[in-house]
Structure formats: structure tokens, C-alpha cells
Amino acid sequence: ILGGSEAQPHLRPYMASLQLDGQHVCGGFLIAEQWVLSAAHCTEETDGKVFQVLLGAHSLTQPEPHKRLYRVRAQIPHPGSNIHNNKDDLLLLQLEEKAELNAHVQVLPFQREDRDVAADTVCVVAGWGTISHSGRRPDKLQEVERPVISRDLCNERTRHDHTITHKMMCTDSRRKDSCKGDSGGPLVCGGVAEGVVTAGSRVCGNYKKPAIYTRIAPYAAWIDGVMAAAAG
Ligand SMILES: NCc1cccc(Nc2n[nH]c3ncnc(Nc4cccc(O)c4)c23)c1
């Protein structure tokens, strides 16, 4: 997160850190007791290794009550996701067991009504991604408020040049923005997850490249279907 501030500890108890060998790789969030939603692109540089999911954390390194690393039973990328574009950039992770819910570990509801969030709506994005252009990584969860911008503005030639589909949304990225390592985290508007951070052009903090999010509502049926099928 560029230009943000340290989140109030455990006020975003849905936040997950997707880790490999104890290293934060991507964000994610708890959508059900045994399920985390993140971004499919997060599996790109993992050469087949399976993530572990850290829940209940504020600091990535310090011991904290209710902080716990969960093993992942299954990682299910959206079938439409691919390395060439940002389409269907969603990843479902089934935890080895149900997460123990408490004050520090809670589910975040996601939007099921497929209607655009109005431009200028102020939403919040949080994560343990880089906090500077030099790539400095925070120990504690960061957050930043960002206004939604219209798809038409985001699709302008000098911005994302008509690559933003109705299953994506954008926020202004002038100075304050999501960045490397924030992918997979939720864009929260009015207490509901409306989008999932996707890297897009990978640019951070430049208003000419607004931040792109995969809208969640269009995928509600897919998410429900995967969770129901795995439940058996
Ligand atoms: N703001 C959109 C957004 C959301 C999520 C991730 C991203 N960026 C990135 N995703 N993956 C990356 N691998 C390498 N570099 C990256 N961006 C980067 C890093 C240092 C300085 C800087 O100006 C930009 C990214 C960008």
C-alpha cells in the first residue's frame, strides 16, 4: 500500500496473508470459515507450491493472540484466469480445517448484487504489500482510502485503453494506491467486499494507471458452486 497508514490492529479481522516459506506473497480475505478469496495471478511465481494462510495477524513477525497459520487443502483458480490478462483473476483457497473465528478472525461478506459501485464512492484497500517505490515491505497491516472512478474514465486511451470489462472496477491511484503484494486483498466499500486487487499494469501510485479490481458480484455463483462442491 503506497501513501496509506498502519491499520488499527485487528479492525480488519478478515485479512489474510498468503505465504510461502514464511514470506508474505499476496493478500486475501476470509469469505467463509474454511475459504479464503484471493487473486489467481498470485500463483504465478510459486512454481506449483501451495500457500499457507496467516489469519488473525496485524504484525507479520511478532507473536499475537489468535494469529495462526493455516494449511491449504485446495487452491482453485477461476477457470478463465490466465497469465496474459487480468480476466477472471480470482483464486479460492480451501483451508485444511475451519478457521477458528474470534475477535481477530472474522468473515467479510462480499457483494452479491451485480451493480456498479458509483464513481466517487470512497472505499478502503488494505494489505502488507510494498509501501514505497523502492519496494519497502511493512511488518504491520497498512490501509488506504480510495475513491472509485468510472469505467469510462478508467478505459480512456491514456489510462487502461478499453481493457476494463464490466467484471472489473477501478479506483484513483494518484499517490495513494495498492501495490506489489496487495494483490488478492479486498476493496471494501460500506463494509462489503466489492472487489479483489489485481496487479493489472503493475504500476503503483501513478494516476495514469488507476488500480484495477476484479468485481466479486459477477462471480458469486462460481464462488458458491466451488464451496458447495467441496463440501460434498
Ligand atoms: N496499483 C495496482 C497494483 C496492484 C497490485 C500490485 C501491483 N504491482 C505489482 N504487482 N506485481 C509486481 N511485481 C513487481 N513490481 C510491481 N509493482 C511495483 C513495484 C515497485 C515500485 C512500483 O512503482 C511498482 C508489481 C500494482
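What counts and what doesn't
- Residues numbered from 1 in each chain as written.
- Predicted model: local features only at pLDDT ≥ 70, side-chain atom pairs only at ≥ 80, totals over all residues.
- Heavy atoms only, no water.
- pLDDT = per-residue confidence, 0-100.
- Helix = DSSP H or I, 4+ residues; strand = E, 2+ residues; numbered from the N terminus.
- Expected span 1.5 Å × (residues − 1).
- Buried < 20%, exposed > 50% of the residue type's maximum accessible area, 1.4 Å probe, protein only.
- Contact = heavy atoms within 4.5 Å.
- Pairing = 2+ DSSP bridges.
- Axes fitted to C-alpha atoms, helices over the stretch in contact; angles between N-to-C directions.

## A few points about the confidence of the model for the protein chain
The share of residues in the protein chain with pLDDT of 70 or more is 100%, and the mean pLDDT across the chain is 97. ipTM for the predicted complex: 0.98, alongside a pTM of 0.98.

## Some details on helix 2 (residues 220–231)
Counted at 1.5 Å a residue, the expected span for helix 2 with its twelve residues is 16 Å, and the 17 Å between its end C-alpha atoms agrees. Here helix 2 has its buried residues at Ala220, Trp222, Ile223, Val226 and Met227. The secondary structure elements touched by the buried residues of helix 2 are strand 3 (23–32), strand 4 (35–38), strand 6 (68–77) and strand 7 (91–95).

## Digging into the pairing of strand 2 (residues 15–20)
Among the six residues that make up strand 2, six are buried, leaving the element largely enclosed by the rest of the structure. Side chains Met15, Ser17 and Gln19 project from strand 2 onto one buried face, and the interleaved Ala16, Leu18 and Leu20 project onto a second face that is buried too. Two strands pair when backbone bridges link them, and strand 2 and strand 3 are joined in this way by six bridges, in the antiparallel orientation. In the sheet register, Gln19 faces strand 3, and the bridge partner there is His24. Hairpin remark: strand 2 followed by strand 3, antiparallel, with two residues in the connecting loop; positive phi at Asp21, about 50°. Bridge analysis of strand 2 against strand 5 (residues 52–55) gives four bridges, and the strand direction is antiparallel. Looking at strand 5, one finds that Ser17 is bridged to Leu54.

## Some thoughts on the sheet that holds strand 3
Strand order around the closed barrel formed by six strands is 2-3-4-7-6-5, with antiparallel pairing between neighbours. The average angle at which neighbouring strand axes cross in this sheet is 40°, direction not considered. In terms of strand pairing, strand 6 meets strand 7 through five bridges, oriented antiparallel. Paired with Val72 across the two strands is Leu95, which belongs to strand 7.

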